[in-house]
Amino acid sequence: MINVMTASSRCSLRTSDPRLPLMATKAAIEFDNALQGKVVDFQSAKRLGIFLKESFASPIGAGAEAFGLDLTTVDIVGQAINDSKWRGGIKTVGDVVERASEIAGNLDCVPENEDQAGLEQLRVFCIALCNSLVGYRESLQDYRPSSPYRR
Amino acid sequence: MPNFVLQTVRSQVQSVLQEIDRLEGSEFPYQHAKDGLDELRDVFRDHETTLSLVTDQSKPDTIEAAYKTAFSSVKGSLDILGFILRSTNVRNAFEVYGPLLRLSRQILGPTTKLIISSEWNFSPFTFIGYEHLPDFVLIGFPATESSNPFLVPLAGHELGHSVWNAFACDTKYRKPIEEKIIEEIKSRWLEYDSVFPGRKPTELNTDFFVKQTWIPAWNWAMRQSEEVFCDFLGLRLFAESYLHASAYLMAPWREGRRSFQYPNGTERSQILVSAAQAYGMNVPPDYAGMFSDVAEPQDDQRQAKFLLSIADEARRSVTSDLMSQVDQIVSSSGVMYRTSQDVERCKDNFKMMVPSQNVACLATIINAAWEALLSPPGFFKNPQHDERRDANLTEIVLKSIEVHEIEQKLASHP
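This structure is a prediction, so every number in the text was calculated from the model and none was measured.

1. Concerning the overall build of chain B
Stage number 1. When helices and strands are counted, chain B shows 15 helices and 2 strands.
Stage number 2. Whereas a compact globule of 414 residues would reach a radius of gyration of roughly 22 Å, chain B reaches 24 Å, a difference of no more than 12%.
Stage number 3. Across its three principal directions, the C-alpha atoms of chain B cover 75 × 60 × 40 Å.
Stage number 4. The buried share of chain B, reckoned over its 414 residues, is 44%.
Stage number 5. Put simply, of all contacts in chain B between residues at least 6 apart along the chain, 76% involve residues at least 24 apart.

In C-alpha cells:
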C-alpha cells in the first residue's frame, strides 16, 4: 500500500513545463554575457541549479543502483550531459545523478573567479539542456493521440 | 547582418502578444479565462525580453537556443489560445461552471481556477504541458456535445489530471512502476533479449543506455496509471453517471490503433466495473460488453509490442492502489456524494418538468438525469413531454443545475 498523498505535496517544475527550456536559455545567455565580460547576476542559472538539485535530490539506492527518480528527467538531463561532453560523458544512471548534482552546485553558486573554460562549459550544458527539453516538448505534441482518448 | 530567424521569431512572439490583447477584448463569461490570458501574456513577455537579450555578440548556438525555445512556445500557443477563445462561446453549458469550480476547489484548494471550453475534436481532453497555468483546471468537451449536461461526469476525469499533479502522484508511483518493469523484463528475459539483444540483466537498472531501452514502457505505464486514476476520480465523484457518460463517448469506437497511454477498451471498461463495485455502485448489466478493443501494435513493431505489454503489467500492479488513493482523496475532501433517495426525489421532479430544489450535489442531478434518460417510454407525467424527451430532459437538468448553483451561492452568502 502506497501512502495517501496530500495536495500540499505539490511537485515543482516538471520536464514538460515550458518555463524550463526558457530558464535554460536565459542561463545560457547569462554565461554568454559573462564570457563577453559583462556583469551578470546569474539569477536564471541559480534557478536552473535548484531545479536540477530538486530533481536528483532523493534517489532510492546509491550510485549506479539509484532508482525512483523521474526517468524522463534522467533521460533528458543525461542526454544534455552527454551532448555537452561534461567531464567525459556518462555510462551509468549513477553517473547522471553524480554529474547532475555537480552541475547543479556550479549553477547555483557560480564562483566569482570562474575561468573562461568553466563558464563556457556551463553555457554549453545549458544549451544542450535547452535543446533536450525543447525536443522532449515537441515529442509530447506529436504524442497526442487523435483517438477517443486524446486529452 | 541581423539574424533573419531571430528577427522572424521576435516578430512571431509579438504577434502572439497582439493576439492575446485582441482576445482579451472578448466577452468572457467568467474571470478565470481572462486570468489565463494574463498568465500567457507574462510567459510571452518573458520570451520577448529573452530574445532582446541576445545580440550580434552572442554565440550562434546561444542565439539559436533563444529562438528555438520561443518558437516552441509560439507553436504551442495556438492550442491554448483557441481553447480560451472558445470558452466564450454560448454553445458551452455555462450552468455547470459554478458547480464544477466548487468541486475543483474542494479537492484542489481555494485558489484553483477553471476554464471550460469546447474543442473541434470528438474527445474530451485536457491540455498537457501547460504547467505555466499551474492552478488552472482546463476542461474541454467536443464542440457538438459541449452543451450536453449528460456528459458533465467526464469533467471528473479531466479534473483528475489536475488532481494527479497536485497530489504529486507521479512521484509516488514512479518507483513501484520502475520496480515492476524491471521484474517483468527479468522474468521475460528471452523476449527482451530477442528485441534488444546484447544487454545483461544486471545492467537493466544501472546502465544509462540500457535503461533507455525500457523507459518508453515506464512512460506508458505512468501515463496509463494517470488515466486510470482519472477514470476512478470521475467515477468516485459522479458514480453511475460516469459509467453512462463514458460509454456514450467511448463505446462506439471500434476501429483505429490503440493509444499506448490507455488500457485497451475492454480492459478499461473492466477496470471501471471493478472500481464501481468496490465503491458500492450499481453497474449496468453487461456494461463491459459495450466496449471493444482497438488494434494492438502489429508484429512488425516488435519493440513497441513487447514494451507495451510490460507497461500494461506495471500499470496493473498499481491499479487497486490507485482505486484506494482516489477513494481517500475524495473522502478527505468533503465532497458531497449522491444518495439513492436524493436521486429518486430529483427524478420525481423531472417527471413533472419541475427543476429540482435542495439537491445535495451536482452528481445527484446528473445521476437522476441518466436514470430518466434510460428509463422506458412514458417517463414524464405529461405524455406531450415524452414527444421531445431528450430535449425536455436536457432543459430540466440544466435548470436544476442553475437552481442548485443559486442555492449554493445563497448558502455561502446568506
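2. Brief notes about the overall build of chain A
Stage number 1. Along the backbone of chain A there are 5 helices and 0 strands.
Stage number 2. Helices (α) and strands (β) of chain A occur, in sequence order from the N terminus, as α-α-α-α-α.
Stage number 3. Residues counted as buried form 46% of the 151 residues belonging to chain A.
Stage number 4. Residue pairs in contact within chain A that sit at least 24 positions apart in sequence constitute 65% of those at least 6 positions apart.

3. Some remarks on the domain arrangement of chain B
Accessible area lost during the coming together of the parts is what is often quoted as the interface size.
Stage number 1. Parsing chain B into structural domains produces domain 1 (1-77), domain 2 (89-166), domain 3 (167-333) and domain 4 (340-412).
Stage number 2. Distance between the C-alpha centres of domain 1 of chain B and domain 3 of chain B: 37 Å.

4. A closer look at helix α12 (residues 340-351) of chain B
Residues and elements named next belong to chain B.
Stage number 1. A rise of 1.5 Å per residue sets the reference length of α12, with its 12 residues, at 16 Å; its end C-alpha atoms lie 16 Å apart and thus fit the reference within 8%.
Stage number 2. Along α12, the residues classified as buried are D342, V343, C346, K347 and F350. Viewed along the axis of α12, the buried residues span an arc of 135°, placing them on a single side of the element. Among the exposed residues of α12, those oriented more than 90 degrees off its buried face are Q341 and E344.

5. A short note on the pairing of strand β1 (residues 113-119) of chain B
All names here are of chain B.
Stage number 1. Counting buried residues along β1, 6 of its 7 residues qualify, which places the element largely inside the surrounding structure.
Stage number 2. Strand direction decides the pairing type here: β1 and strand β2 (residues 136-142), joined by 7 bridges, are parallel. Bridge pairing in β2 places S118 opposite F141.

6. Observations concerning the environment of Q325 of chain B
Residue and element names in this part refer to chain B.
Stage number 1. If you trace the backbone, Q325 turns up in helix α11 (residues 302-333).
Stage number 2. Among the residues examined, Q325 registers 25 C-beta atoms within 10 Å and is labelled buried.
Stage number 3. Taking C-alpha positions, Q325 is 9.4 Å from F232, a pair spaced 93 residues apart along the chain.

7. Re the packing of helix α3 (residues 71-83) of chain A against helix α4 (residues 93-108) of chain A
Residue and element names in this part refer to chain A.
Stage number 1. Two elements in contact, α3 and α4, have axes whose closest approach is 10 Å; the angle formed by their N-to-C orientations is 75°. Classified by the angle between their axes, α3 and α4 sit roughly perpendicular to one another. In contact with V74, V77, G78 and I81 of α3, α4 contributes V93, V96, R99 and A100.

8. A short note on the nonpolar core
Stage number 1. The biggest cluster of nonpolar side chains holds 147 residues, and the ones touching the most others in it are A24 and C126 of chain A together with A217 of chain B.
Stage number 2. When residues of this core are assigned to their parent elements, the largest contribution, 15 residues, is made by helix α8 (residues 208-238) of chain B.
Stage number 3. Apart from residues no more than four positions distant in its own chain, A24 of chain A is found in contact with L48, C126, L129, C130 and L133 of chain A.

Conventions and cut-offs
- Residues numbered from 1 in each chain as written.
- Chains lettered and ligands numbered in written order.
- Predicted model: local features only at pLDDT ≥ 70, side-chain atom pairs only at ≥ 80, totals over all residues.
- Helix = DSSP H or I, 4+ residues; strand = E, 2+ residues; numbered from the N terminus.
- Rg over C-alpha atoms; globule rule 2.2 N^0.38 Å.
- Buried ≥ 20, exposed ≤ 12 C-beta atoms within 10 Å, placed from the backbone.
- Contact = placed C-beta atoms within 7 Å.
- Domains from an automatic or database assignment.
- Expected span 1.5 Å × (residues − 1).
- Arc of directions from axis to C-beta.
- Pairing = 2+ DSSP bridges.
- Axes fitted to C-alpha atoms, helices over the stretch in contact; angles between N-to-C directions.
- Parallel < 35°, antiparallel > 145°, perpendicular 65-115°, else oblique.
- Core = buried A, V, L, I, M, F, W, Y, C linked by C-beta atoms within 7 Å.

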